[in-house]
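As a plain string of letters, each chain reads:
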Amino acid sequence: MGYMIRIGRLIDGLSDVVLQDYLVAVEDGRFAWMGPAGEGNPGEYGDWPVLDAREYTMMPGLIDGHVHLCNDSVPDRAAVMLSDVPGAATLRALRNAERTLEMGFTTVRDCAGIGVLSLRDAGGRGEFAIPRIQSAGYGICNTGGHMDRDRFFNARFLDNRGVADSPDEVRRVTRELLKLGVDFIKVNATRGFGGKIRGHQEMTTEEMSAATEVAHRVGKRVASHAMGTDGIRASLDARIDSIEHGFWLTPDLADQMAEQGSYLLPTAATLYRNVTRGFYRNGMTDEELARMHDLAASAREAMFQSMEYAIDSGVKIAVGSDMGGGPFLHHGENATEMEQLVEGGLSAMAALKAGTSVVADLMDRGDDLGRVAPGYLADFLLTSKDPTEDISILSEPGNIAGVFLEGRLAKRGRNLCRGPWNPEHV
Ligand SMILES: [Zn+2]
């Protein structure tokens, strides 16, 4: 036997309307049935215990398509990583994953961080209450490239694994990652905006094509860190599946993205924090800090412009906060990205879809994640306010009333489940 929820407002992740006063049945970790409350007898579900959630809004568990769980947003990140003892990165990732779940994100896609693989598997076995994870393992880049530098995530900290300088080397590294059991491949087409302002291209079309050729053959997708027109074009020519960041997109490239079905993850949250809170000093002079601020402001302008082109061309935009990738942005603050997507022109409902059904599709899980619908995994959250009226309510912990993973209560907020229904039975 499962249980029923009587919900005041239901956002299903796909439709544009907020459904009012619904009954949802959950059984064996999946949604079994749903229908308007009071419209006839729900048949076999009629005897199931009912959670009275009429004062809440229900939505699919949120999904963040771009995080780095192994990384904390701290000034001395490089020092932390260089002094890591074995397992330290995985423990950081565990703590960060717990914080992420508490804010209603039940699935994340980790875009580089080797310590995440074991955590993904432990979470999958139910050993920890954490979001389900897709992991890229380490990111692939050229020698001295985006992820082979002091402040960055993996190559330098892992005996230069992930570094590849020819199509053949990329093939070998991609195969090595697939052997480790990664869920998708991450390539670094360009540098960040801290270098030349338009993020100059690093990996070649041929190198990235080698990654897509090997990955696509076994049904895995390829994400490309790409900001700057040349790197985005090279990534698209290499048939990558998603453009991460995508600043300095052009109308032509947006058309190409739409035509190829590539997704855009604007990672707008990081830039928002850059312009509102700045950067960690890390030995920079006042002049250097001011220059970084100007670069971030210009990249943010380019990002909003890219979003406009993408929306005009019909490119699918997905939520990816880049949590762990930038200063002053901490795991658990993932919903900042949705606020920024609304700032960039999406409706609140479109931003919610970008963080549920759209990003589930991007992760090749569109048939069982990201929606409240019969047959889908029962990952969902209950909020005390309606995010379609104000998306920023998702950033306030007090509004997250309950987070459920495969039908089980994983985080309980205040006042949830008053009355006879006992969440301990779920
Ligand atoms: Zn990132």
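Note that the structure is a prediction, hence the values are computed from the model and not measured.

## Thoughts on the sheet that holds strand 15 (residues 408-412)
Then, in step 1: Across the sheet, which stays open at both edges, the seven strands sit in the order 3-2-1-4-13-14-15 with mixed pairing between neighbours. Looking along the sheet, the strands with just one partner apiece sit at the ends: strand 3 (30-36) and strand 15. The sheet shows a mean angle of 40 degrees between the axes of neighbouring strands, taken without regard to direction.
Then, in step 2: Pairing geometry for strand 4 (residues 50-60) and strand 13 (residues 380-383), over four bridges, is antiparallel. Its bridge partner lying in strand 13, Met59 is registered against Leu381.
Then, in step 3: Against the sheet, helix 2 (residues 88-102) contacts strand 14 (400-405) and strand 15, and its axis sits at roughly 120 degrees relative to strand 14.

## Here we look at the side chain of Lys186
Then, in step 1: Checked against the element boundaries, Lys186 lands in strand 8 (residues 184-188).
Then, in step 2: Comment: no salt bridge for buried Lys186; closest opposite-charge side chain is Glu244, at 6.2 Å.
Then, in step 3: Side-chain polar atoms of Lys186 contact the backbone oxygen of Cys111, separated by 3.1 Å.
Then, in step 4: Those residues in contact with Lys186, other than ones at most four positions away along the chain, are His66, His68, Cys111, Ala136, Gly139, Ile140, Met147, Ala223 and His225.

## A word on the coordination of the zinc ion
Then, in step 1: Every protein donor of the zinc ion is accounted for by His66 (NE2), His68 (NE2) and Asp322 (OD), and the metal-donor separations fall at 2.1 to 2.2 Å.
Then, in step 2: Spacing between the donor residues of the zinc ion along the chain follows H-x1-H-x253-D. Of the two residues, His66 is situated in strand 5 (residues 62-67) and Asp322 in the loop between strand 12 (316-317) and helix 10 (336-343); the sequence distance between them amounts to 256 residues. Note on accessibility: His66 and Asp322 belong to one class, buried.

## A closer look at the domain arrangement of the chain
Then, in step 1: Per the domain assignment, the segments making up the chain are domain 1 (3-61 + 372-425) and domain 2 (62-362).
Then, in step 2: A C-alpha centroid distance of 31 Å is found between domain 1 and domain 2.
Then, in step 3: Carbon and sulfur atoms make up 68% of the surface buried where domain 1 meets domain 2, a total of about 1,900 Å² over both sides.
Then, in step 4: Between the two partners, domain 1 and domain 2, sit three salt bridges.
Then, in step 5: Here Lys353 ties to Asp16 by a salt bridge, and the two come within 2.7 Å at their closest N and O atoms.
Then, in step 6: At the junction of domain 1 with domain 2, the criterion picks out seven residue pairs in polar contact (both at pLDDT 80 or more).
Then, in step 7: Looking at the side of domain 1 that touches domain 2, the elements that each hand over two or more residues are strand 4, strand 14 and strand 15.
Then, in step 8: Counting residues per element, the side of domain 1 that touches domain 2 draws most heavily on strand 14, at four residues.

## Observations concerning the nonpolar core
Then, in step 1: Ranked by size, the top nonpolar core spans 72 residues in total, and within it Ile185, Phe193, Phe247, Met338, Leu352 and Leu394 carry the most contacts.
Then, in step 2: Setting aside anything within four residues of it in sequence, one finds Met338 in contact with Leu62, Phe105, Val319, Ala351, Leu352, Gly355, Ile391 and Leu394.

## Focus: empty space enclosed by the protein
Then, in step 1: For the structure on display, the rule yields one cavity of 30 Å³ or more.
Then, in step 2: Taken as a whole, the largest cavity encloses approximately 40 Å³ of empty space.
Then, in step 3: Surrounding the largest cavity, Pro60, Gly61, Ile63, Thr106, Thr107, Leu369, Gly370, Arg371, Leu377 and Asp379 form its lining.
Then, in step 4: Partitioning the lining of the largest cavity into residue classes produces four nonpolar, four polar and two charged.
Then, in step 5: Both domains that furnish three or more residues to the lining of the largest cavity are identified here as domain 1 (3-61 + 372-425) and domain 2 (62-362).

The rules behind each value
Residues numbered from 1 in each chain as written. Predicted model: local features only at pLDDT ≥ 70, side-chain atom pairs only at ≥ 80, totals over all residues. Heavy atoms only, no water. Pairing = 2+ DSSP bridges. Helix = DSSP H or I, 4+ residues; strand = E, 2+ residues; numbered from the N terminus. Axes fitted to C-alpha atoms, helices over the stretch in contact; angles between N-to-C directions. Contact = heavy atoms within 4.5 Å. Buried < 20%, exposed > 50% of the residue type's maximum accessible area, 1.4 Å probe, protein only. Lys, Arg positive; Asp, Glu negative; His and termini not counted. Salt bridge = Lys/Arg side-chain N within 4 Å of Asp/Glu carboxyl O. Polar contact = N/O pair within 3.5 Å; in protein donor to acceptor, adjacent residues only side chain to side chain. Donors = N, O, S within 2.8 Å, 3.2 Å for Na, K, Ca; no water. Domains from an automatic or database assignment. Buried area = accessible area lost by both parts, 1.4 Å probe. Core = buried A, V, L, I, M, F, W, Y, C linked by side-chain atoms within 4.5 Å. 1 Å grid on protein atoms, 1.4 Å probe; cavity = no way out; pocket = protein on both sides within 12 Å on 5 of 7 lines; lining within 4 Å. Points joined across faces, edges and corners; volume = space filled by probe spheres on them. Nonpolar A, V, L, I, M, F, W, Y, C, P; charged D, E, K, R; others polar.

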